[in-house]
Amino acid sequence: MQFDLAFFLCALGLAFILEGIPYFVWAEKMPRFLELLSKQPPSNLRRMGFTAIILGVLVIFLGRSLI
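The text that follows walks through the structure, step by step, so that each part is easy to find. These numbers come from a predicted model, not from an experiment.

Moving on, we get to the layout of surface pockets. One number sums up the size of the largest pocket: a volume of about 470 Å³. F7, A11, L14, A15, L18, E19, V59, I60, G63 and R64 together form the lining of the largest pocket. Elements supplying a minimum of two residues to the lining of the largest pocket: α1 (5-25) and α3 (42-66).

Right, dumping it as structure tokens:
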């Protein structure tokens, strides 16, 4: 299996787009949301991160199985 740089750069670009959308669309609300997140205990943040990882893996799996 070879490393596909073009695919990696597309995935990285997509990650930047998806990360930037909330700041662009809800610029006024993001500081309050980030403050709310900063007040969460680490266990909640880990749970949210783990959930995001699992959802990401599922989306990739489903996307790859449809091709």
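So much for the structure itself; the text now carries on.
All right, on to a nonpolar patch on the surface then. Together, L14, I17, L18, I21, F24, V25 and W26 make up a nonpolar patch on the protein surface, roughly 770 Å² of accessible area in all. Within the secondary structure layout, L18 lies in helix α1.

About the criteria used
Residues numbered from 1 in each chain as written. Predicted model: local features only at pLDDT ≥ 70, side-chain atom pairs only at ≥ 80, totals over all residues. Heavy atoms only, no water. 1 Å grid on protein atoms, 1.4 Å probe; cavity = no way out; pocket = protein on both sides within 12 Å on 5 of 7 lines; lining within 4 Å. Points joined across faces, edges and corners; volume = space filled by probe spheres on them. Helix = DSSP H or I, 4+ residues; strand = E, 2+ residues; numbered from the N terminus. Patch = residues over 30% accessible without salt bridge, like charges linked within 9 Å, V, L, I, M, F, W, Y side chains within 5 Å. Areas by Shrake-Rupley, 256 points an atom, 1.4 Å probe, with all protein chains shown as cover. Salt bridge = Lys/Arg side-chain N within 4 Å of Asp/Glu carboxyl O.

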